[in-house]
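# Fold and contact review
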Amino acid sequence: MFLLYRKVRPIEQRHKSFESKTICSKEQIKDQRGREKEGIRTMKKKIITLGMVAALVATTTACGNKYVDLGEYKGLNIEYAADETEITDEVVEQNIASQLSSISQEVTDKNYKAKEGDTVNIDYKGLKDGKAFDGGTAQGYDLVLGSNSFIDGFEDGLIGAKKGQKLSLNLTFPEEYQSDELAGQDVVFKVTVNEIKQAATIEDLDDEFVTSNFPDYKTVEEYKNSVKEDMINSQNETVEEAKKDAAWEEVVANCKIKDYPQEDIDQYIEDSNKYVEEMLSHYGDDLTIDDYLEQMGQSKEDYEEQQLEAAKKEVASCLVAEAIAKKEKLELTEDEYDEMLTEYTNKFQYDSTDALEEEAGKETLTNEFQRVKVIDFIVENCTFTHADGMEATDTQE
């Protein structure tokens with residue numbers, strides 16, 4: 001069925017420690033599901049990698065500040081950028097409308113004609129010279145009209161169709177199509193429209209709709225209040241993260257890194273390469289880093305230079321955190337460790353705190369949590385100004 005698609009979209013997985021490099025699948029990779037799980041795995045890996053670097057740094061800095069001269073890190077005024085638009089009822093309505101658009105309801109009117117944005121459930125068979133071609137046949141396929149998922153003319157040919165209607169679509173594959181056998185070729189698609197579904201709208205929102213589609217709520221008011229609360233919490237978290245990132249970036253920039261522990265640099269690069277290989281293995285057993293670089297049009301030398309710079313950045317961060325922790329006597333307590341362990345377990349969807357400790361290791365997590373404590377200390381001892389010139393305000397409630 002994949003042969004019908006306009007183009008093969010790359011599967012991307014971004015890792016903050018990788019300087020925003022992109023991991024792409026080979027063209028034959030068809031299944032792009034599970035991205036949310038990949039994102040969770042990415043963050044799990046980040047915890048472990050940074051914690052391991054921090055653990056190594058802890059040993060290298062035990063005998064003094066051999067590697068870093070601390071700069072100013074308290075009393076700073078930090079400029080940060082984050083969207084702090086007020087979450088009004090109108091904004092909530094827009095968010096709800098977006099959520100509802102993903103909920104489709106079957107159209108019962110037999111005379112209803114499909115329009116852009118509707119989902120049509122179809123059976124189709126592609127014929128070239130009167131014979132079915134590979135990948136051109138499917139049954140019970142849900143297609144959103146206007147999604148541009150299929151070649152030009154396919155979706156447009158279904159606009160105005162009714163439930164139960166049979167159509168013949170005379171189309172031409174694009175010249176640049178990935179299959180040489182189909183590129184530029186005339187074909188006919190035999191299509192049967194099994195069902196038409198419309199996206200839900202605000203007008204559909206009543207208590208019955210809510211209980212049917214959002215079982216955690218009994219009324220429209222409960223649902224709307226929950227959406228607003230989630231939006232406010234999400235925005236507040238984003239603002240706090242923006243402040244932390246901006247503050248820590250400035251603090252590290254104020255410090256002088258005299259040297260980098262080579263074993264830490266090597267360990268980080270080794271872990272990063274293992275991570276890339278692990279991600280690539282999900283998209284094909286024979287997909288190597290060299291394949292990835294070739295697809296990205298990137299040389300091995302550039303890739304290695306980026307890895308080195310990323311390693312230096314992370315090691316520098318750990319060196320600075322360790323130095324500040326020692327100077328300010330910011331030791332992680334058992335209660336703080338337990339609290340953060342529970343937080344990370346829930347945030348990154350581990351089955352239990354024991355599962356997280358088993359995968360990452362207690363020492364690794366201790367050092368990661370220690371760094372978080374240092375950054376929190378920095379934030380508490382800074383003032384903040386929004387990038388638009390306004391002094392930071394309290395988060396929304």
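Cut-offs and rules
Residues numbered from 1 in each chain as written. Predicted model: local features only at pLDDT ≥ 70, side-chain atom pairs only at ≥ 80, totals over all residues. Heavy atoms only, no water. Helix = DSSP H or I, 4+ residues; strand = E, 2+ residues; numbered from the N terminus. Core = buried A, V, L, I, M, F, W, Y, C linked by side-chain atoms within 4.5 Å. Buried < 20%, exposed > 50% of the residue type's maximum accessible area, 1.4 Å probe, protein only. Salt bridge = Lys/Arg side-chain N within 4 Å of Asp/Glu carboxyl O. Phe/Tyr/Trp six-rings, centres within 6.5 Å; stacked < 30°, edge-to-face > 60°. Patch = residues over 30% accessible without salt bridge, like charges linked within 9 Å, V, L, I, M, F, W, Y side chains within 5 Å. Areas by Shrake-Rupley, 256 points an atom, 1.4 Å probe, with all protein chains shown as cover. Lys, Arg positive; Asp, Glu negative; His and termini not counted. Charge placed at Lys NZ, Arg CZ, Asp CG, Glu CD. Pairing = 2+ DSSP bridges. pLDDT = per-residue confidence, 0-100. Contact = heavy atoms within 4.5 Å. Expected span 1.5 Å × (residues − 1).

### What to know about unusual backbone geometry
- Positive phi values are uncommon outside glycine, yet Asp129 reaches one of about 55°.
- Inspection of the secondary structure puts Asp129 in the loop between β4 (119-128) and β5 (131-144).

### Thoughts on the nonpolar core
- Ile122, Tyr124, Leu143, Phe154, Leu158 and Phe189 are the most contacted members of the largest nonpolar core, which totals 28 residues.
- At the level of secondary structure, the elements contributing two or more residues to this core comprise β4, β5, β6 (166-172) and β7 (186-199).
- Counting residues per element, this core draws most heavily on β7, which supplies 5 residues.

### Description of the pattern of salt bridges
- The full count for this structure, using the stated rule, is 15 salt bridges.
- Note that Lys163 is salt-bridged to Glu106, the shortest N-O span being 3.2 Å. In this pair, Lys163 sits in the loop between β5 and β6 while Glu106 sits in strand β3 (residues 104-106), placing the two residues 57 residues apart along the sequence.
- For Glu106, a relative accessible area of 42% corresponds to the partly exposed category.
- One salt bridge connects Lys197 with Asp142, and the closest N-O pair in it is separated by 3.4 Å.

### A closer look at the packing of aromatic side chains
- Under the defined criterion, the tally for this structure stands at 18 aromatic pairs.
- Between Tyr80 and Phe384, the ring centres sit 6.2 Å apart and the planes meet at 80°, which makes this aromatic pair edge-to-face. Taken together, the residues Tyr80 in strand β2 (residues 77-80) and Phe384 in strand β9 (residues 383-386) connect sequence positions 304 residues apart. We note that Tyr80, like Phe384, is buried.
- Look at Phe214 and Tyr223: their rings are 4.3 Å apart centre to centre, the planes differ by 15°, and that puts the pair in the stacked class. Pair check on accessibility: Phe214 and Tyr223 agree, each one buried.

### As for a negative patch on the surface
- Where like charges cluster on the molecular surface, the negative patch consists of Asp206, Asp207, Glu208, Glu221 and Glu222.
- Breaking the negative patch down by element, the ones donating at least two residues are α3 (207-213) and α4 (220-254).
- Residue placement: Asp207 occurs in helix α3.
- Assessed through its relative accessible area of 41%, Asp207 is described here as partly exposed.

### A closer look at the pairing of β4
- Most of β4 is tucked away, with 7 of its 10 residues classed as buried.
- Taken together, the 8 bridges between β4 and β5 define a ladder with antiparallel strand orientation. Its bridge partner lying in β5, Tyr124 is registered against Ala138.
- The antiparallel hairpin formed by β4 and β5 contains 2 residues in its connecting segment, where Asp129 sits at a positive phi of about 55°.
- Two elements, β4 and β7, share 9 bridges in a ladder whose sense is antiparallel. Paired with Asp123 across the two strands is Thr192, which belongs to β7.

### Structural notes on the confidence of the model for the protein chain
- For the protein chain, per-residue confidence averages 83 on the pLDDT scale, and residues scoring 70 or more make up 81% of the total.
- Considering only residues more than four positions removed or in separate chains, one finds that residues 1-42, a stretch of pLDDT under 50, has 117 contacts.
- Of the regions scoring below 50 in pLDDT, residues 57-64 engages in 16 contacts with residues more than four places distant in sequence or in other chains.

### Here we look at helix α7 (residues 300-328)
- Relative to the 42 Å expected for 29 residues at 1.5 Å per residue, α7 spans 42 Å between its end C-alpha atoms, a close match to the ideal helical length.
- Looking one or two residues past α7, Lys329 carries a phi angle of roughly 55°, positive in sign.

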